[in-house]
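Working through the structure, step by step
Chain residues, written in single-letter form:
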Amino acid sequence: MLGLMQQQSLLISSLIEFSDQHHGDGEVVSRRVEGDIHRYTWSDVARRSRQVANALDAQKLPEGTRIATLAWNGYRHLELYFGVSGSGRVLHTMNPRLHPEQLAWIANHAEDQVLCFDMTFLPLVQAVHSHCKTITQFVALCDADKLPEGTGIPNLVSYEAWMGQQPSTYDWPQLDENTACSLCYTSGTTGNPKGALYSHRSTVLHAYAAALPDSMCISARDSILPVVPMFHVNAWGIPYSAAMAGAKLVFPGPALDGKSVYELIEAEGVTFAAGVPTVWQMLLGHMAPAGLKFSTLNRTVIGGSACPPAMIDAFRQNYNVDVLHAWGMTELSPLGTVCTLKNKHLSLPAEQQMKLRMKQGRCIFGIDMKIVDAEGQALPHDGKSAGDLLVKGPWVIASYYKQEGGNPLVDGWFPTGDVATIDTDGFMQITDRSKDVIKSGGEWISSIDVENIAMAHPAVAMAACIGMRHPKWDERPIVCVVKKPGADVTREALLAFYEGKTAKWQIPDDVVFVDAIPLGGTGKMLKTRLREQLADYVLPGL
Ligand code: AMP
């Protein structure tokens, strides 16, 4: 027997229409690229999102067209979130921190047709536009009178000229809820970057789950500062959950330093902020010496990399701010677990509570997880057995965009490449990573790319890149090199060899010359053995 309830697609357009109708005067505040503060309301977001949708219709761009962005967290980016996806196109948020070659590769792979960019990235767009074969329209996110002449970029228009004259009414299409809405590439896999293609359904379900009390607990009483970029898995879905809840949104624009973030938190009554540990390190580094305190901030969600216990402590003890340690992935939209205590834990001594808070947390409803051994056998949830972490759920990818890399699933489960334990209360803790990538300041560095560049040097016989712990960046890459017999290269010359071949921050911090790289039976480099050999190694400058 079927239930007799209405069938209504879960659509991104309904989020913005909801916030317009029920939270129309709710504020959205942005620090602009120009440096000033822009202030308007959810009704303004809705109105201008409809204008974006009309602008895309006017260009006759069919459903599914990929519209790329290279932009900071700001109100125009937010309008694109709703206008592009709501009208049936796919919002492709690109990471401006990538090397121009990588960006062009991704834009071509996605077959983007329009690129909207903040003026900060004008030089980047000037460098890549001629390599982006499918982009026919460039939109600079600025006022009409701020558009510079003679940029050399064809079909360049200012955002305000592009959408500003469009009607502010729009009939959002009643799409199938499985329609694609946004695309985000991740470099956290081997080989070329791969795209996670989200649907309206997965995004709206994730928005509900992310707002739950034991997730991010997002409500109409919140003022939320997503420091996590909108080009990192849709700022962890916060724009959607904020629209659903009618929360105030505060965008930091390009100013991510401790002073600017602190001032915005205080000026805008921010109650909840989200970001990777590196961002909070900069914030606490600014506050501690000056003896500054928060007036309104009551919680932060910290994820993307393991949150150092000292940071959880500092926020709680010195600032009375609760830290929600969270784990997720681009492939999970991104939320998988959030660390909130259960009732029975509240009476535990402080140090036992701290042990729990350091874990990556419990599954939010919708995500299922298990850990398995090398044979794929499920391991017990005893808090000790560590195994490969697999997940499934309605906001986990079934396949990468264009089926790159084949079927990623194992019996319907997505292998995360993380190694973890799960305890009897369901708290998951990451203990290691089986994927061969390094995460520095929340951004991926492919060890294979680092090795390939070294191997291209005529004096290098073999290269192995490994990540080393770093107090600010969490991890930094170093490259261990075996020289060819009779050939020579210095550390400095090899590091100089990386210049221009990869983004600056992806260049290894050091070269360590070794006689041999330990190899396994199948000829695979044994990086765990290499790490053991370098147990006493200290990164330069530490
Ligand atoms: P991304 O797809 O860039 O969001 O990266 C996802 C990966 O970042 C995960 O598979 C983990 O390796 C790592 N990660 C994310 N959150 C955490 C966390 N709280 N602790 C440790 N590693 C994390």
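Given the structure is predicted, the values throughout are model-derived calculations rather than measurements.

Observations regarding the environment of His200
- Mapped onto the elements, His200 comes out in helix α7 (residues 200–211).
- Once the C-alpha coordinates of His200 and Leu11 are considered, the two residues, 189 residues apart in sequence, prove to be 5.1 Å apart.
- His200 has contacts with Leu10, Leu11, Ile12, Ser85, Gly86, Leu175, Glu177, Thr179, Ala180 and Cys181, leaving out every residue within four places of it along the chain.

As for the pairing of strand β18 (residues 387–392)
- Judged from the five bridges that link them, strand β17 (residues 368–372) and β18 form a sheet pairing that is antiparallel. The residue of β18 that forms the bridge with Val372 is Asp388.
- Two elements, β18 and strand β19 (residues 414–422), share four bridges in a ladder whose sense is antiparallel. If you follow Leu390 over to β19, its bridge partner there is Pro415.

A word on the sheet that holds strand β9 (residues 194–199)
- Pairing within the open sheet is mixed, and its seven strands lie in the order β7-β6-β5-β3-β4-β8-β9. In this open sheet, the two edge strands, each paired with only one partner strand, are β7 (156–158) and β9. Sheet twist, expressed as the mean angle between neighbouring strand axes with direction ignored, is 25°.
- Across four bridges, strand β3 (residues 66–70) lies against strand β4 (residues 90–93) in parallel orientation. Of the residues in β4, the one forming a bridge with Thr69 is Thr93.
- Here helix α4 (residues 100–110) sits on the sheet in contact with β3, β4 and β8 (180–186), set at roughly 150° to β8.

What about the UniProt feature "domain: AMP-dependent synthetase/ligase" (unreviewed entry) in the protein?
- Taking the numbering used here, the UniProt-annotated feature "domain: AMP-dependent synthetase/ligase" (unreviewed entry) corresponds to residues 25–401.
- As annotated, residues 25–401 comprises 32% helix and 22% strand, and the C-alpha atoms at either end are separated by 38 Å.

Points about the UniProt feature "domain: AMP-binding enzyme C-terminal" (unreviewed entry) in the protein
- Using the residue numbers shown here, the UniProt feature "domain: AMP-binding enzyme C-terminal" (unreviewed entry) corresponds to residues 450–524.
- Taken end to end, residues 450–524 comprises 19% helix and 33% strand; its first and last C-alpha atoms sit 17 Å apart.

Focus on the side chain of Gln506
- Along the chain, the position of Gln506 falls in the loop between α15 (491–498) and β25 (510–513).
- Classification of Gln506 as buried rests on a relative accessible area of 5%.
- A polar side-chain atom of Gln506 sits 3.4 Å from the main-chain carbonyl oxygen of Trp444.
- One polar contact links Gln506 to Thr502, side chain to side chain, over a distance of 2.8 Å.
- Dropping the residues within four chain positions of it, Gln506 is found in contact with Leu98, Gln102, Trp444, Ile445, Val450 and Pro477.

Calculation criteria
- Throughout, a residue's number is its position along its own chain's written sequence, starting from 1.
- Predicted model: local features are reported for residues with pLDDT of at least 70 only, side-chain atom pairs are reported and counted for 80 or more only, and whole-chain, interface and lining totals are derived from all residues.
- No hydrogens and no water enter the side-chain calculation; it runs on all heavy atoms of the structure.
- Only DSSP runs of H or I reaching four residues or more are called helices, and only runs of E reaching two or more are called strands; each is numbered from the N terminus.
- Contact between two residues is taken to exist if any of their heavy atoms lie within 4.5 Å; hydrogens are not considered.
- Pairing between two strands is assigned when DSSP locates at least 2 bridges connecting them.
- Note on geometry: axes are lines fitted to C-alpha atoms, helical ones only across the stretch in contact, with angles between N-to-C directions running from 0 to 180 degrees.
- UniProt positions are given in the numbering used here, feature names are shortened, and annotations may be inferred rather than shown by experiment.
- Relative accessible area decides the class of each residue, using a 1.4 Å probe on protein chains only: under 20% of the type maximum gives buried, over 50% gives exposed, and in between gives partly exposed.
- Pairing of N or O atoms within 3.5 Å defines a polar contact, subject to two protein rules: one partner must be a possible hydrogen donor and the other a possible acceptor, and residues neighboring in sequence count only if both atoms are side-chain atoms.

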